[in-house]
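Survey of secondary and tertiary structure
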Amino acid sequence: MKLHLKITSTILCLSLLFLSSCAKAPESVKKGSKNENTETQGYALTSLDEMSKKKSEYIDELKKLECDNMNFSDSLDIDIPQKIKIGEYICSDGFEKKYKEVFSHYCEELDESKITEDNNTYPTGPSYEDNEKGLQISIGCTGFFSYQKDFDEQKYYNESEYIKTFSYSDAMESLEKYKLAGGNEEMSPADAVKLAKDFSDDFTDFCDYPNDLSVSRVSLYECSDGYFYMADYIQSVSEVKILEYFDMFDCIDEDLVVSSAFAYICGNEVNNFVINSCFEEHNIDGELTSTYDPVSAAIYLSDTLATNMELNVKRIAIEYCMIKKGNIEKSTGDEETNREKAPWATYCSYDIYEAVPCWVFYFDETPNKEIYATINCNDMNVSFVNNQKGNV
């Protein structure tokens, strides 16, 4: 029996998250607790506007910084949002209501007899399957959307070998080219980024998707008849990016939720695209106008981590850590709420999240082997995440 498209897409997302062998950062990683107010009094706050203007200066200063446990890449980049809202966001509901228009956008000759809806799956919403065209589309209430065209799940999900990962900046500069499975021409990582970006831009514009999507990295895989790319997207709300890499052992918070969106490029087009949810503003309390500058954050992080570590910082960014706070029950006429129907679901309509702004220091962005650290922009609380087997 063929699994429902929503289920297979969800299984893939979960497998990408759980294949890693992360261990929670041991006490030996940290020199000691650095979260008391007395430990941060020596660090002055700087406005976001001033930090944005001084970004080049910060990069130069960081490259010259001498730390026992960290060094900074020659291609170091820093991402500082222009504005950071403080408060809560909510997982969308009703995203599936325009399903006919959406399905017609991706299928020129839509056969409505091929539209089905399985009430036993979540998120709720219809699916379209045309075996002759090799096309499968599914849409869900939470902002879920899945598109497959001429896509062999067994080959690309289970019978492929990981080769390497290009960060966005590395992909755009790479001169490498690979002959893709299902295509006759070679494709560069930059070409893959453009295809993935064009597809997601078209999706967000046409579907009125309320969040921004941007390509964060592209990974190269090899299968039986060539290569293919997998592009990961980072999701943004209110122009601030959401942390996208899973924290296997709850080093940051057991209720942390990460964004999840990706695309497979197997020929000369996007053959598989999945986005799992979208977030909307719910209860915004104000703005974070100032925080610790990236150099101060780096020094503080270095002082917090053990001296025997050897970490290379590839990029630094202020991003939201989305912490699930609960669910607002809405009367739908059913006896059970969505959360009760699907307690296993990562995203449910009306779930509430606190958006916590954090400095994120990225050391390794290999899929399922990410290593990074977060520093809370409010209290400088440090969390260290190692999604690699064993400890650093």
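As a reminder, the structure under discussion sits directly above these lines.
Residues numbered from 1 in each chain as written. Predicted model: local features only at pLDDT ≥ 70, side-chain atom pairs only at ≥ 80, totals over all residues. Heavy atoms only, no water.

1. Side note on the overall build of the chain
Convention followed: Numbering of helices and strands runs from the N terminus, with a helix taken as a DSSP run of H or I at least four residues long and a strand as a DSSP run of E at least two residues long. Classification of residues uses two cut-offs on accessible area relative to the type maximum, computed with a 1.4 Å probe and protein chains only: under 20% is buried, over 50% is exposed, and between them is partly exposed. Note on definitions: a residue-residue contact is assigned when non-hydrogen atoms from the two residues lie within 4.5 Å. Residue exposure ignores everything except the shown protein chains as possible cover, and the areas themselves are Shrake-Rupley values with a 1.4 Å probe.
Helix and strand content of the chain: 10 helices and 22 strands. For the chain, the proportion of its 392 residues judged to be buried stands at 53%. Sequence separation of 24 or more characterises 72% of the internal contacts of the chain that already satisfy a separation of 6 or more. For the chain, the accessible surface area stands at approximately 18300 Å², while carbon and sulfur atoms represent 43% of it.

2. Quick word on the side chain of Asp232
In plain terms, the rule: We define a polar contact as two N or O atoms separated by no more than 3.5 Å, with the added condition that, inside protein, one atom must be a possible hydrogen donor and the other a possible acceptor, whereas residues neighbouring each other in sequence contribute only through side-chain atom pairs.
Tracing the chain through its elements places Asp232 in strand 12 (residues 226-237). Of the residues examined, Asp232 reaches a relative accessible area of 10% and is grouped as buried. A polar contact of 2.8 Å, which involves the side chain of Asp232, links it to the side chain of Arg217. Not counting chain neighbours up to four residues away, the residues in contact with Asp232 comprise Ser214, Val215, Ser216, Arg217, Glu244, Ala261 and Phe262.

3. Observations concerning the pattern of salt bridges
Spelled out, the test is: For this analysis, a salt bridge means a side-chain nitrogen from Lys or Arg found within 4 Å of a carboxyl oxygen belonging to Asp or Glu.
Evaluation of the coordinates by the stated rule reveals 18 salt bridges. One salt bridge in this structure joins Asp208 and Lys98, with 3.1 Å as the shortest N-O distance. With Asp208 in the loop between helix 8 (189-206) and strand 11 (212-223) and Lys98 in the loop between strand 3 (85-91) and helix 5 (99-106), this residue pair connects regions lying 110 residues apart in the sequence. The partner of Lys197 in a salt bridge is Asp201, and the shortest N-O contact between them spans 2.7 Å. Here Asp201 and Lys197 lie together in helix 8, a separation of four residues that amounts to about one turn. A single salt-bridge network, built from bridges that share partners, covers Arg217, Asp232 and Glu370.

4. Focus on the environment of Ala297
With respect to the secondary-structure elements, Ala297 resides in helix 9 (residues 294-304). For Ala297 and Cys377, which are 80 residues apart along the polypeptide, the C-alpha to C-alpha distance reads 9.0 Å. The residues contacting Ala297, other than those within four sequence positions of it, are Trp359, Phe361, Ile375 and Met380.

5. Description of the packing of helix 5 against helix 8
Counted only if it meets this: Axis definition: a line fitted to C-alpha atoms, over the contacting stretch in the case of helices. Angles run 0 to 180 degrees between N-to-C directions. Any angle that falls under 35 degrees is termed roughly parallel, while one over 145 is termed roughly antiparallel, one within 65 to 115 roughly perpendicular, and all others oblique. By definition, any crossing whose near helix is turned counterclockwise from its far helix by less than a right angle is left-handed, and any crossing with a clockwise turn is right-handed.
Taken N-terminus to C-terminus, the directions of helix 5 and helix 8 make an angle of 150°; their axes are 11 Å apart at the nearest point. What the angle tells us is that helix 5 and helix 8 run roughly antiparallel. The two elements helix 5 and helix 8 cross, and the hand of that crossing is right-handed. Residues Glu101, Val102, His105 and Tyr106 of helix 5 form the contact with helix 8, whose own contacting residues are Phe199, Asp202, Phe203 and Phe206.

6. Some points on the packing of helix 4 (residues 55-64) against helix 9
Inclusion rule: Put simply, Ala, Val, Leu, Ile, Met, Phe, Trp, Tyr, Cys and Pro go in the nonpolar bin, Asp, Glu, Lys and Arg in the charged bin, and everything else, Gly too, in the polar bin.
Interaxial distance between helix 4 and helix 9 falls to 9 Å at its minimum, and their mutual angle equals 25°. For the element pair helix 4 / helix 9, the angle class is roughly parallel. Here Tyr58, Glu61 and Leu62 of helix 4 lie close against helix 9, whose contacting residues are Pro294, Val295 and Ala298. Here the contact of helix 4 with helix 9 is composed, by residue class, of five nonpolar, no polar and one charged.

7. Some thoughts on the nonpolar core
Quick note on the threshold: For the purposes of this section, nonpolar cores are sets of buried Ala, Val, Leu, Ile, Met, Phe, Trp, Tyr and Cys residues that join through side-chain atoms within 4.5 Å.
Within the largest apolar cluster, 49 residues are counted, with the highest numbers of intra-cluster contacts made by Phe72, Leu301, Ile316, Trp359, Phe361 and Phe363. Ranked by the residues each element gives to this core, the list is headed by strand 19 (residues 311-327), at six residues. In contact with Phe361, not counting residues within four places along its chain, are Phe72, Pro294, Ala297, Ala298, Leu301, Val313, Arg315, Ile316, Ile371, Tyr372, Ala373 and Ile375. Counting residues in each nonpolar core, the second largest holds 38 residues, with Phe103, Val218, Tyr229 and Tyr233 among its members.

8. Concerning the pairing of strand 3
Rules: Paired strands, in this sense, are two strands between which DSSP finds at least two bridges.
Pairing of strand 3 with strand 17 (residues 279-287) involves seven bridges; the strand directions are antiparallel. Counted as the bridge partner of Cys91 is Phe279 from strand 17. As paired elements, strand 3 and strand 20 (residues 351-364) share four bridges and run antiparallel to each other. For Glu88, the partnering residue across the bridge sits in strand 20 and is Glu354.

9. Quick look at helix 4
Because each turn of an α-helix spans 3.6 residues, side chains separated by three or four positions in sequence point in the same direction. Here is the rule we go by: What the arc measures is the spread of directions leading from the helix axis to the C-beta atoms.
Tyr58, Ile59 and Leu62 are the residues of helix 4 that are buried. What you see down the axis of helix 4 is that its buried residues fit within an arc of 100°, all on one side. Exposed residues pointing more than 90 degrees away from the buried face of helix 4 are listed as Ser56 and Lys64. Here the buried face of helix 4 lies against strand 1 (45-47), helix 3 (48-53), strand 2 (70-79), helix 9 and strand 19.

10. A look at the packing of aromatic side chains
Here is the rule: A pair of aromatic rings is counted whenever rings of Phe, Tyr or Trp (Trp by its six-membered ring) have centres within 6.5 Å, and the orientation is called stacked for planes under 30 degrees apart, edge-to-face for over 60 and tilted otherwise.
Evaluated as defined, the whole model comprises 32 aromatic pairs. Each ring, one from Tyr157 and one from Tyr264, has its centre 5.7 Å from the other, and the planes form 65°; the classification is edge-to-face. Highlighted residues: Tyr157 in helix 6 (residues 153-158) and Tyr264 in strand 15 (residues 261-265), separated in sequence by 107 residues. Relative accessible area serves as the criterion here: at 4%, Tyr264 is assigned to the buried category. Ring plane angle 80° and centroid distance 6.0 Å describe the contact between Phe262 and Tyr264, whose orientation is recorded as edge-to-face.

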